[in-house]
Amino acid sequence: MQLSRTLGRSRRRRALAGIAAVTTLGAAALAGCSSSGSGGSSGSGGNADSGTLKIITWVNPPAVSALTAINKEFEAKYPKIHVQLQTAVNVATGYANLLQTSVNSSSADIVTTVDQLQPLPLNPTRKSETPTQFWSTNNVFADLSTQPWAKNLNDTAVKAETYNGKLVGLLSGVYQELVFYNKADFTKYGVTPPKTWDEFITLMNTLKSKGVSSPLWLGLGSGASVYVTRFIAEPFMNSLWAPKASGETLAQALEKGDLKWNSPEMIQVLQREQQLAKYLEPSYTGAAWQDMPNAFAQDKAPMLLDGSWDLTSVQKANPTMQVGSFALPGSNDPAANQPVANQDLTFEVLNKAPDKALAMKWMAFFTSPAIYKQYVNMTGISPIMKSGGPYSSFSSKVLGPLFGQGFNPGDVLPALSADQGYWDTATQWPLLQESVMAGSKTPQQAVAMYQSDWKTG
Amino acid sequence: MARRSGKPSNVRLLSRPSRLVMWGGVAIGLAFFLLFGIAPAVANIAISLTDYSGLAGASTSFTGLDNYTTLFTTQWPGFVASLGDTLYFVVGVTVVQNAVALALAHRLQGTGRTATLLRILAFLPIVLGVTVVGIVWLLMFDPQSGPVQAILGHAGIHSAFFGSDTWAMPLTILAQVWQNLGFTMVVFIGGLKAIPPEIFEAAAIDGVTGWQRFRRLTWPLMAAVVTVNVTFAVIGSLTTYNLIYILTDGQFGTNTLGILAFNTAFGNTADLGLGASMSVILLLLAILVALPLVAFLQHRERRLLA
């Protein structure tokens, strides 16, 4: 009896202990969720002498390598500070999710974006702005204009990131998007860089006649449809259509309704895209964008349609390769053919960052002349500081006089936002052009779809 | 009364502490399910009636059925197209997955070493997980350096595979099938093993072999297992978005409702309200398809076994 009672008590204790353990675990899990949530949204002060600084960015090998090296130097200078660099693949998909969740939960100190703040839509609303624009105009990003290093930024960097007098981001530089060519191949085939559309087509026909099956390389696979916009549509629109927008930018003219998508010039843009597609490698829609530098370095094609950020990878894959460059010529007027000068990786400090002071310290370190020069040289980006240099990056040599030059794509392509109809959202806009390039839609059909979905400001 | 006069319930057979543990476990499980299963689903319905963006600092307004109106009018043509893609994907996956799994189960139900090894290999993709499966398929079908292109290239065939309007969807279906084949096969093997061998022995004496044996005995006796596998395949493929996200991101005719909802909610447009309305429709679609399907399959079970 005594034994039975003892066993009963023992079982009861074990049972209660079991319940307590399970309950504690559950409570701990819930507490973990809530503590990370509240911790993320509360911090805004911080200690600039020690702690962990969290930076998020997308997988862009040269930039990630440069930031990793710079972070090590930062940690060496400030041993009590640890820098955590978190990356996600694909700026338009995986990283877009990481960015949104990090901003919403204020779980990073410094975030990076590639969407431009300018030009803002004529009537900025939540749905007409991109997330980056919304955060910039709604006080989510800290004002950097009072930071000592801000006075060293050039006009492009200030204009690009200023809203209502506040500097909401630090533009790290500008990349050019254009055509790169293998100098050895051009010598071998006896051809020279073209200056006009007709010369470009003649060049590619010549290469084809000499046995080059794919004169031009491009990889849109793994979700890189945006390259159609950036590498092809924007330079063609700039050279063929922008001159028609008198007294305003093409973006403004489209937003105001002064110009329409179904104009003859836009049809010509799409016709030339269709024609250009015939000279790309046959499987360009499935070829991974990540492999573009390697494919070019391995001489799979004598020309590559790409951004200057990939030149570092080209050089790494084939250090002896001599590379030249020219703007993609959409027009037969050489002066109209300019490279795209796209504002690239921009750093923003969250107003609710867990450690804002630490973030500001890192920004000051990054913009110090020696460190910034290191970043420019490692990434091949065109600098945005008033002083500094000379720069010795591979891209500065390849681009030569084009280094840092080109038109701002924000003057050409207006905001493609959730406020627009289906085909005029950033995701669908290039997909329709891929259909045109593949021949499953005509240019006339595509411009009609763009126009029918377009809402003027 | 029944409890007093009849046998005590199984719960009553347990000691009080054991019952406490049992109900405690049930309560915790139920709480988690309500918190992380039901509550988000209800919240999702609520969000679908707003213009919620998920962006910190953005105001949210009640918009009624605006999101649904957008989807079912010409304002969002991608939605109707995605219903077609979804149908293609669901039918393709369900038919191919069950047909191949049944064939494999039939061949690999033995206890020999080879059959065991092949069963493990067939089951392996489930262990690998979606991301690895997606990357494996992307590498295999890389149009520049993948082994499949290397082989097809000898025959002069070139394709962009996952970047092709023609091949992206069939390949995505095959990737989904490959990933889930092992599970479906194991369920079929379980069903095959549950059939009493005496039935086949008797049939053999009567001279029933081969295709007739499968059609007249195996297939009817597997009816319950078919119901399970078909239902899982339909619901699983209806809600798939992660594999498609990795393989094509919804491009080239693979924009099923799952990936469209995901990209609308979390992509560049950050339109969680509209994305939520798509997922509510997806939920309704799953219910509308699953309930009649299960009813039909169960009716079929009764008919075949009658």
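Since the structure is predicted, the reported quantities are computational estimates derived from the model, not experimental observations.

A. Broad picture of the overall build of chain A. When its secondary structure is counted, chain A shows 17 helices and twelve strands. Considering chain A as a whole, with its 457 residues, one finds that 50% of them fall into the buried category. Taking the intrachain contacts of chain A between residues at least 6 apart in sequence as the baseline, contacts between residues at least 24 apart amount to 77%.

B. Focus on the domain arrangement of chain B. You can read the domains of chain B as domain 1 (10–47) and domain 2 (77–305). Summarising the inter-unit geometry, the C-alpha centres of domain 1 of chain B and domain 2 of chain B are found 32 Å apart.

C. Fine view of the interface of chain B and chain A. Listed as interface residues are 38 residues of chain B and, on the opposing side, 45 residues of chain A. If you list the elements that add at least two residues to the side of chain B that touches chain A, you get helix H3 (16–47), helix H5 (77–107) and helix H14 (257–266) of chain B. At seven residues, H3 of chain B tops the list of elements feeding residues into the side of chain B that touches chain A. Of the residues assigned to the side of chain B that touches chain A, the class counts are 15 nonpolar, 19 polar and four charged.

D. Representation of the pairing of strand S11 (residues 340–343) of chain A. Residue and element names in this part refer to chain A. Every second residue of S11 is oriented toward a common face, with Val340 and Asn342 on one face and Ala341 and Gln343 on the other, all of them buried. When strand S7 (residues 174–182) meets S11, the two strands line up antiparallel, connected through four bridges. In the strand pairing of S11, Tyr175 is matched with Asn342.

E. Layout of the confidence of the model for chain B. Across chain B, the average pLDDT comes to 88, with 94% of residues at or above 70. Among the prediction metrics, the complex's ipTM stands at 0.73, with pTM recorded as 0.79.

F. Geometry of the domain arrangement of chain A. All names here are of chain A. By the assigned domains, chain A splits into domain 1 (51–173 + 344–388) and domain 2 (175–342 + 407–453). Spacing between the C-alpha centres of domain 1 and domain 2 amounts to 28 Å. Facing 21 residues of domain 1, the contacting portion of domain 2 comprises 17 residues. In terms of residues, the side of domain 1 that touches domain 2 owes the most to one element, helix H3 (residues 90–105), which gives three residues. For the side of domain 1 that touches domain 2, the per-class residue count stands at seven nonpolar, eleven polar and three charged.

G. Representation of the sheet that holds strand S2 (residues 81–88) of chain A within the structure. Residue and element names in this part refer to chain A. Strand order in the open sheet made by the five strands is S2-S1-S3-S12-S6, with mixed pairing throughout. The open sheet has two free edges, formed respectively by S2 and strand S6 (170–171), since each of these has just one partner strand. Of the strand pairs in this sheet, strand S3 (residues 110–113) and strand S12 (residues 346–349) are connected by four bridges, and their pairing is antiparallel. Considered in S12, the bridge of Thr113 is made with Thr346. Sheet strands touched by H3: strand S1 (51–58), S2 and S3. Its angle to S1, the strand with the most contacts, is close to 145°. In this fold helix H13 (residues 356–366) packs onto S1, S2, S3, S6 and S12, with an angle of close to 150° to the strand it touches most, S12.

H. The arrangement of the confidence of the model for chain A in detail. On average, residues of chain A score 87 in pLDDT, and 89% of them reach the 70 mark or higher. Throughout residues 1–44 of chain A the model reports pLDDT below 50, and contacts reaching past four residues in sequence, or to other chains, amount to 32 contacts.

I. Representation of the pairing of S2 of chain A within the structure. Residue and element names in this part refer to chain A. Note that S1 and S2 share eight bridges and pair parallel. If you follow Ile55 over to S2, its bridge partner there is Leu85. Taken together, S1, helix H2 (residues 61–77) and S2 constitute a β-α-β crossover, and its handedness is right-handed.

J. Focus on the packing of H5 of chain B against helix H12 (residues 223–238) of chain B. Residues and elements named next belong to chain B. Between H5 and H12, the least distance of the axes is 9 Å, while the angle of their chain directions is 145°. With respect to the hand of their crossing, H5 and H12 are arranged in right-handed fashion. Residue-level contacts link Thr86, Phe89, Val90, Val93, Thr94, Gln97, Asn98 and Ala101 of H5 to Asn229, Val230, Ala233, Val234, Ser237 and Leu238 of H12. Here the contact of H5 with H12 is built from residues that sort into eight nonpolar, six polar and no charged.

K. Examining the packing of H14 of chain B against helix H15 (residues 272–305) of chain B more closely. Residue and element names in this part refer to chain B. With their axes 7 Å apart at the nearest point, H14 and H15 run at an angle of 160° to one another. Viewed along their axes, H14 and H15 adopt a mutual orientation that is roughly antiparallel. For the pair H14 and H15, the sense of crossing is left-handed. Counted together, Leu257, Gly258, Leu260, Ala261, Thr264 and Ala265 of H14 and Leu272, Leu274, Gly275, Ala276, Met278, Ser279, Ile281 and Leu282 of H15 form the full contact between these two elements. A breakdown of the residues in the contact of H14 with H15 according to their chemical character gives ten nonpolar, four polar and no charged.

L. Focus on unusual backbone geometry. You will see that Asp299 of chain A, though not glycine, has its phi angle at about 60°, which is positive. Here Asp299 of chain A is to be found in the loop between helix H11 (292–297) and strand S9 (303–307). For Asp249 of chain B, which is not glycine, the phi torsion reads 55° and is therefore positive. Looking at the secondary structure, you find Asp249 of chain B in the loop between helix H13 (242–247) and H14. Judged by C-beta crowding, with 24 C-beta atoms within 10 Å, Asp249 of chain B ranks as buried.

M. Structural context of H3 of chain A. Along its 16 residues, H3 of chain A runs 21 Å from first to last C-alpha, staying within 8% of the 22 Å computed at 1.5 Å per residue. If you look at H3 of chain A, its biggest bend is around 45°, right at Ala96 of chain A. The inward-facing, buried residues of H3 of chain A abut S1, S2, S3 and helix H4 (131–137) of chain A together with H14 of chain B. One or two steps after H3 of chain A, the chain reaches Ser106 of chain A, where phi turns positive at roughly 50°.

N. Examining the environment of Asn262 of chain A more closely. Residues and elements named next belong to chain A. Inspection of the secondary structure puts Asn262 in the loop between helix H9 (250–256) and helix H10 (264–277). A sequence separation of 183 residues divides Asn262 from Gln445, and the C-alpha atoms of the two residues are 9.1 Å apart. Filtering out sequence-adjacent residues up to four positions away, Asn262 remains in contact with Val447, Ala448 and Gln451.

Reading the values: the criteria
Residues numbered from 1 in each chain as written. Chains lettered and ligands numbered in written order. Predicted model: local features only at pLDDT ≥ 70, side-chain atom pairs only at ≥ 80, totals over all residues. Helix = DSSP H or I, 4+ residues; strand = E, 2+ residues; numbered from the N terminus. Buried ≥ 20, exposed ≤ 12 C-beta atoms within 10 Å, placed from the backbone. Contact = placed C-beta atoms within 7 Å. Domains from an automatic or database assignment. Nonpolar A, V, L, I, M, F, W, Y, C, P; charged D, E, K, R; others polar. Pairing = 2+ DSSP bridges. pLDDT = per-residue confidence, 0-100. Axes fitted to C-alpha atoms, helices over the stretch in contact; angles between N-to-C directions. Right-handed = clockwise from strand over helix to strand, strands pointing away. Left-handed = near helix turned anticlockwise from the far one by under 90°. Parallel < 35°, antiparallel > 145°, perpendicular 65-115°, else oblique. Expected span 1.5 Å × (residues − 1). Bend = angle between axes of the 7 residues up to and from the residue.

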